[in-house]
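What the coordinates show
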Amino acid sequence: MSEYKFKAVEEKWQGYWEKNFSLSTEMDSNPKYYVLVMFPYPSGKIHMGHVRNYTIGDVIARYKQRRGFNVLHPMGWDAFGLPAENAAILNKTHPSKWTDSCIETMRKQLKRLGFSYDWKREVNTSKPDYYKWGQWFFLRMFEKNLVFQKEAPVNWCEKCQTVLANEQVEKGKCWRCADVVREKRLKQWFFKITDYAERLLDCSEIENSWPEKVLVMQKNWIGRSEGVEINFHLKNNESFPVFTTRPDTIFGATYLVLASGHEMVKKAMTESSEKENVKKFIEEFKKESFRMPDDVIEKKGVFSGWTAINPVNNKEIPIWIANYVVMEYGTGAIMAVPTHDQRDFEFAQKYNLPLEVVITPEGKSLIAEEMSEAYVEDGVMTNSGKFNGKNNREAIPLIIEWMEKEGMGKGRVNYRLRDWLLSRQRYWGAPIPIIHCPKCGPVPVPDKDLPVLLPEKGVNITGMGKSPLSGIESFVRVDCPECGEEAQRETDTMDTFVDSSWYFARYTSPHSTNVPFDKKAAKYWLPVDQYIGGIEHAILHLLYARFFTKVLKDLKLLDVNEPFSRLLTQGMVIKDGAKMSKSKGNIVDPDGMIEKFGVDALRLFILFAAPPEVDLEWSERGIEGASRFINRVWNIFEEKKKTAIFKKEKLDISSENTTPIDWCCMPKAANLRRITHRIIQRVTNDIEDRFHFNTAIAALMELTNAINEFIIKDEEDKIVLGEALKTMVHLLSPFAPHLAEELWQTLGEKGELAKEKWPDVDMKALEKEDFLLVIQVNGKLRTRVTVPLSSSEEEIKTIALSQPRIKEFTDGKNIKKIIVVPNRLVNIVVS
C-alpha cells in the first residue's frame, strides 16, 4: 500500500492557489453568494476554535462555488483593542508592531489550512485606510444627531482602566479581564442606538434564518415594555417621573426607590435631613459591583429623608435609595409594591416598610401581615378605588386612560436598551474626530483632514490613568476649524466594536480610497448570505452591526436593511469537559496536529466530530481516524483507478434489481450506481439544507466502502466504477480540498477540481429504490413508512399527513410547519 504524502500535496496545492489567484473573485453575471466568518482578533496564533469556525465557512464557500455561484469569501483582522495594547505593554513594544507580527503569524497559519480566502480583499482595522472611514461615519452620524456627549455614570474597569458598554459587562464583570466593574462618572461620547430600538426589534427579515436564541437575546436586551410614566410630587411640589409596567398595582405602592445615579440622590446628599447616611451609602455602593443580577446581590438601601405623594390615593410614602434599581431602565426610579413584587417584598421585610394588598386570587383574600412572599399572579383588584372587583390585567388600559385624563401620568413605551457608549480611555483605537474649542464647543474634524491619525511616536502607553493621547502635545493642540482659536483634540478613542460593525461592507471594495465602499459593489454583494460566529456576540457585535446597517441605509450608503441574511452560531471546541484555554492547560496546538496528521485530516475531524451548532469534544483518536480514512481513500483510488473507465458523458444504466440496497451483499453495477447517486443526494442535502457536515462525511465513508467492495465483471462495471470514483472526488473536495485536487489529477483530469460543476443526482438511478421515512409530531416518533427515494418534498409531506397514526395527532390541530430532512424524516409541528 502506498503512503499518502500529505505534506507535499498540501504545499503543492496551496502554492498553486496563491500563485494563480484561484480563490479571488469579482462581480459578474452569475448569482452571488457571500459567505463570511467573523474576523479574528490577532492575538498571536490561531486556536482550534478558529480552525472550526473557518473550516465550516470554507466548506460552504467551496460548495457554493461548485454550484455555480460567484462566491465572495474574504478575511481580515479586527486589529484594534485592549488585548494588543496590554500585550504590547507586557512585551515592551508598540501595539502596531505587536499586532502586525500577530497578523503575519496567523495569516501563514490560515493559508496553511487551505482556506479559500480572497486575500486581495484583506482588511486591517488598525490601518488608517480603514479607520478613516469609521471616523467619517462618526461625523455623518454627528450631523444627524445620532452622536452626543454627556456626563454619565459609566461602567469602569479598574484593571483595564477604561469604560465598558453595558453589553461588555457580564454578571458584573469586565468581558475582557473578568475584573469587577464599578460605577464612575465621566464625560463620554454615545451613539444614539435607542433611536433605532423599534427597528432593531423588527426581525421579520431574519426570523426564519437566524437562531431563535440569538433573536430572543437581542429582543430581551432591547427590552421593550409598555406602561405608564407617573408623576410623583414631593411636599414642596417638586415632581419626578416613575415608569411602571404595572399600573394595576399603583394603589399598593408603599414606597419609592431611586437608583444611585438619579439626580435627586445628588440633592439628597447635600439638602436632605438624612444627607450623612445617604453619602455613606453611596460611598459604599461605589465600592461594590452595581451590575450583579438581582438574585445574587444583597439588597441594600437608605432612606433619602424625603417623602412623596401617591397621586391615586394621596397617601404620603417614603423615598428610598437602593442598589437593586439602576438608571439604565425607565427613569431610574420605581414605585415599590411589596405585596406583588418579590424584590420589593424582601426589601420591605428587611427595612420594616408597610404592605398593602391590591390584588387577590379569585374568591380568596390575602392578609398582608400573614404573607411570607409576594403574590405575583393575576387576580381581582381590591383596595383600588373605582377599579375594585376588576381583573387586574383587563384594568391596566383603563387605569392608564384614567391617569392620563386626570393628569397623573402618561402611557409610554420604554426600552431597556441604553445608548451605545463608545468612548475609550486607551491608546489602541481609532481617535474620535472631534476638536474641543473653548468658544465653539465640540467641533467635528473637517472631512479633508481625515483620517485623524493615531500618533505612533512620543506616546507613553502604561495602561493606567488617562488616555495616552492626552500626554502628546503635538496631537492634542490644534486650531479650531471654525474660529481658528487654539483648541484641543478629543483624546478618547472609539470602541473597537465600531470597526466590526461595518467591515462586511468594506470587503465588497476594500481598496476604495474616496468612499468607504463602492455603492455598486455593496449593492451586488450585500447582504452577507451566510454569516458564521459565536453566540457570545449576540448582543454585542451582531446588534451593533444591525444598527450600523440601518444607519447606513438611512444615509443612502446601503440598500439593505439587515447585514446578514443567514446566521450560524457554531459550538465551542472543548477538551476534558471544558472550553480550551491557556488557564486550564487544555490547549491543543493546530500546527502540531497539522505536522502530525495533515491539514485535510484536521479539517475532516473538526467537521465529522459534531454538527456545527453544538460543542465539539476534542479527541486525538478522532483525528487519527480521519487520517486513516484519508489514507484509505488514497489507497483505494490507487488500486481501483487501474481498472475503471472514466467517461465524460452522463451514464444511462437501468437496473433489474428493484429492492432496496442490501448493504451486506456485494453490489451489482446498478446498485453501485444507486449508492453513488444516493450519496450525491445525501451529501448535497446535508451541505445545502442543514450544514450537517458530519453526516455528509459519514455518507462519503459509505461510498468508499461500496467502491472498495465492488468487483469488476464486465465493461459496464468498469464504467460504473469510474463514475463512482469521480463522484467520490467531487464530493470530497469541500471537506478535504488538497486530497481531492490531487486525486482529480491522478484520474487524468486537467484543471482545478474547484472550478468543476458539482455532480447532479440522476433520479433514474434512484427511482426504484425506497427508504424508511421516520415521521414525528412535535419531535416525537409516531410512525415509520417506506417511500420512494425519488419522492419530492411535497410528496413526502402528503404521504406523512395521510398516515392514520399521524392523523390521530394532527386532526383538529394547527399545523405550524412541516420540517423535511431529505431521505430521513418528517417533523410535523402542531399547536
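What counts, and where the lines are drawn
- Residues numbered from 1 in each chain as written.
- Predicted model: local features only at pLDDT ≥ 70, side-chain atom pairs only at ≥ 80, totals over all residues.
- Heavy atoms only, no water.
- pLDDT = per-residue confidence, 0-100.
- Contact = heavy atoms within 4.5 Å.
- 1 Å grid on protein atoms, 1.4 Å probe; cavity = no way out; pocket = protein on both sides within 12 Å on 5 of 7 lines; lining within 4 Å.
- Points joined across faces, edges and corners; volume = space filled by probe spheres on them.
- Helix = DSSP H or I, 4+ residues; strand = E, 2+ residues; numbered from the N terminus.
- Phe/Tyr/Trp six-rings, centres within 6.5 Å; stacked < 30°, edge-to-face > 60°.
- Buried < 20%, exposed > 50% of the residue type's maximum accessible area, 1.4 Å probe, protein only.
- Lys NZ or Arg CZ within 6 Å of the ring centre and 35° of its normal.
- Axes fitted to C-alpha atoms, helices over the stretch in contact; angles between N-to-C directions.
- Parallel < 35°, antiparallel > 145°, perpendicular 65-115°, else oblique.
- Nonpolar A, V, L, I, M, F, W, Y, C, P; charged D, E, K, R; others polar.
- Pairing = 2+ DSSP bridges.
- Arc of directions from axis to C-beta.

1. Some words on the confidence of the model for the chain
- Predicted confidence across the chain gives a mean pLDDT of 91, with 95% of residues reaching 70 or more.
- pLDDT under 50 marks residues 653-667. Its contacts with residues more than four places away, or in other chains, come to 26 contacts.

2. A word on empty space enclosed by the protein
- Inspection of every chain in the model, using the stated rule, returns five cavities of 30 Å³ or more.
- Along the wall of the largest cavity there are 18 residues; nearest its centre are Gly81, Leu82, Arg424, Asp495 and Thr496.
- Elements supplying a minimum of two residues to the lining of the largest cavity: α3 (82-91), β6 (162-164) and β25 (493-494).
- Counting residues per element, the lining of the largest cavity draws most heavily on β6, which supplies three residues.

3. A look at the packing of aromatic side chains
- The full count for this structure, using the stated rule, is 46 aromatic pairs.
- Judged by centre distance (6.2 Å) and plane angle (65 degrees), the rings of tryptophan 420 and phenylalanine 548 are edge-to-face. Here the residue tryptophan 420 occupies a position in strand β19 (residues 420-421), and phenylalanine 548 occupies one in helix α15 (residues 541-554), the gap between them amounting to 128 residues. Residues tryptophan 420 and phenylalanine 548 agree in their burial class; the two are buried.
- Here the basic side chain of arginine 416 rests over the ring of tryptophan 221, its NZ or CZ set 4.2 Å away from the ring centre.

4. What about the packing of helix α18 (residues 620-640) against helix α22 (residues 737-746)?
- Between α18 and α22, the shortest axis-to-axis distance is 11 Å and the interhelical angle comes to 5 degrees. Considering the angle they form, α18 stands roughly parallel to α22. Contacts between α18 and α22 involve Ile630, Val633, Trp634 and Phe637 from the former and Leu739, Glu742, Leu743 and Thr746 from the latter.
- Taken together, the residues of the contact of α18 with α22 sort by class into six nonpolar, one polar and one charged.

5. Points about the sheet that holds β6
- Within the open sheet, the four strands sit side by side as β6-β5-β9-β19. Their pairing is antiparallel. Of all the strands in the sheet, the pair left with one neighbour each is β6 and β19.

6. Considerations on the sheet that holds strand β2 (residues 70-72)
- With parallel pairing, four strands are arranged side by side in an open sheet as β2-β1-β26-β27. Of all the strands in the sheet, just β2 and β27 (567-569) have a single pairing partner and so form its edges. Across this sheet, the average inter-strand angle for adjacent strands is 15 degrees, counted without regard to direction.
- Two strands pair when backbone bridges link them, and strand β1 (residues 32-37) and β2 are joined in this way by three bridges, in the parallel orientation. Across the sheet, residue tyrosine 34 finds its bridge partner in β2, namely leucine 72.

7. Details of the pairing of strand β14 (residues 315-322)
- β14 sits mainly inside the fold: six of its eight residues count as buried.
- When strand β13 (residues 301-310) meets β14, the two strands line up antiparallel, connected through seven bridges. By the bridge assignment, asparagine 310 is partnered in β14 with lysine 315.
- Where β13 hands over to β14, the hairpin turn is made up of four residues, of which asparagine 314 adopts a positive phi near 60 degrees.

8. Observations regarding helix α16 (residues 590-597)
- Of the residues making up α16, those classed as buried are Pro590, Asp591, Met593, Ile594 and Phe597. For α16, the angular spread of buried residues about the axis comes to 165 degrees, placing them on one side.
- With its phi angle positive at about 100 degrees, glycine 598 sits one or two positions after the end of α16.

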